[in-house]
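# Fold and contact review
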Amino acid sequence: MLEQASILIFIVIALALIFDFVNGFHDTANAIATCVSTRAVSPAVAIIMSAILNFAGAMISTGVAKTIGDDIVQSASMVNEVIIIAALAGAIIWNLITWWFGMPSSSSHALVGGIIGAVIISVGFMGLNGYGILKIFLSLVLSPLAAMAIGWIILHIIFAICHSMRPATVNDNCNRLQVISAALMAFAHGSNDAQKSMGIITLALLSGGYIGALEVPTFVKISCAFTMALGTSFGGWKIIRTVGGKIFRMQPVHGFSADLNSAVVIFGATLLHLPVSTTHVVSGSIMGVGAAQRVKAVHWDVARQMLVAWLMTIPCTAILSAIVYLILHLFI
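Residues numbered from 1 in each chain as written. Predicted model: local features only at pLDDT ≥ 70, side-chain atom pairs only at ≥ 80, totals over all residues. Heavy atoms only, no water.

What follows concerns the pattern of salt bridges. If you walk through the whole model with that rule in mind, you get three salt bridges. In this structure, the salt-bridge partner of aspartate 71 is lysine 135, at a minimum N-O distance of 2.7 Å. Of this pair, aspartate 71 sits in helix α4 (residues 63-71) while lysine 135 sits in helix α7 (residues 130-161), and the two are 64 residues apart along the sequence. Looking at lysine 135, the relative accessible area reads 31%, which means it is partly exposed. Aspartate 193 serves as the salt-bridge partner of lysine 196, at 2.6 Å between the closest nitrogen and oxygen. Here aspartate 193 and lysine 196 lie together in helix α8 (residues 167-207), a separation of three residues that amounts to about one turn. Lysine 196 sits in the buried class, given a relative accessible area of 1%. (Salt bridge = Lys/Arg side-chain N within 4 Å of Asp/Glu carboxyl O. Helix = DSSP H or I, 4+ residues; strand = E, 2+ residues; numbered from the N terminus. Buried < 20%, exposed > 50% of the residue type's maximum accessible area, 1.4 Å probe, protein only.)

Caution applies to low-pLDDT parts of the model: their predicted coordinates are not meant to be read in detail. Counting all residues, the mean pLDDT for the protein chain is 83, and 90% of those residues have values of 70 or more. No element of the protein chain has a lower mean pLDDT than helix α10 (residues 237-246), at 56, and none a higher one than helix α6 (residues 107-123), at 90. (pLDDT = per-residue confidence, 0-100.)

The next subject is the side chain of serine 181. Relative to the assigned elements, serine 181 resides in helix α8. What makes serine 181 buried here is its relative accessible area of 1%. Apart from residues no more than four positions distant in its own chain, serine 181 is found in contact with Phe256, Asp259 and Leu260. (Contact = heavy atoms within 4.5 Å.)

Moving on to empty space enclosed by the protein. Considering all chains together, one arrives at one cavity of 30 Å³ or more under this definition. Around the largest cavity sit Val73, Val79, Ile83, Ile84, Ala87, Ile115, Val119, Ile200 and Leu203, which together line it. For the lining of the largest cavity, the secondary structure elements donating two or more residues are α5 (81-100), α6 and α8. No other element matches α5, which puts three residues into the lining of the largest cavity. Split into classes, the residues belonging to the lining of the largest cavity amount to nine nonpolar, no polar and no charged. (1 Å grid on protein atoms, 1.4 Å probe; cavity = no way out; pocket = protein on both sides within 12 Å on 5 of 7 lines; lining within 4 Å. Points joined across faces, edges and corners; volume = space filled by probe spheres on them. Nonpolar A, V, L, I, M, F, W, Y, C, P; charged D, E, K, R; others polar.)

Put into structure tokens, the structure is as follows:
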């Protein structure tokens, strides 16, 4: 029995790292789509920069990891390795499906939905922490709306500051500054997204009795940070094309505004220990910046498709993880 538990823990860690890897290449677009689409940075340089800064960002904090590990379920004792495996499998399957079709869905939504579905099918609704889920849900929903509003404001501020400059001069300056804003975005992405896998692995170790408290071990931090950076280095070109060009045709001033705004919103959420969807924060920033330029310039049909994927992610991953749990329960 002890040997089986050890094998299950190993599977949990492996799947969590696979999720982290998929999250890395699935969400590479978040950090580099704008600077690649405006040609501020070459794709190869952008991916390398993003991978390095994703790793650095992932090492600075564990607050989001504790939120994921502690706020979705009532108690670590109510979940086991099979539940966590099912949750991760559902999230990974959904991420791969949406990546294949080039649809920027949320890895954060996928993971939360996966955990909810696996817990409900195994121990029932009583296993869920309603207040914690509400807090996470609000952070996931409100963050892209905040990004859209703040993005609109930031572009207007930049226009007000640069009103006496020629548009070409503004774009040339923003083209150089966008390297910095994209770097900040990559760092912020790592600071929030890598922690989700850290939280899952730590929850599994705690539920299995391998650690005594919900504190992220150093080896877990390093493993998740490295795996996300590795996934980022592979790129997510289908999603980069959607985020970078199909929502709004950006100039360097728009790319700089969107990156800077996204970095501020995501890193602010990290400081508050709140998980957010970097995909939707970046998309919200681009929509806000585009609307500030001209409302009709935003391809709202693409935005609607993304909204549909956003609404579908949690219920779909919940169903997928529940199915995976039922299949696993037949053999374990």
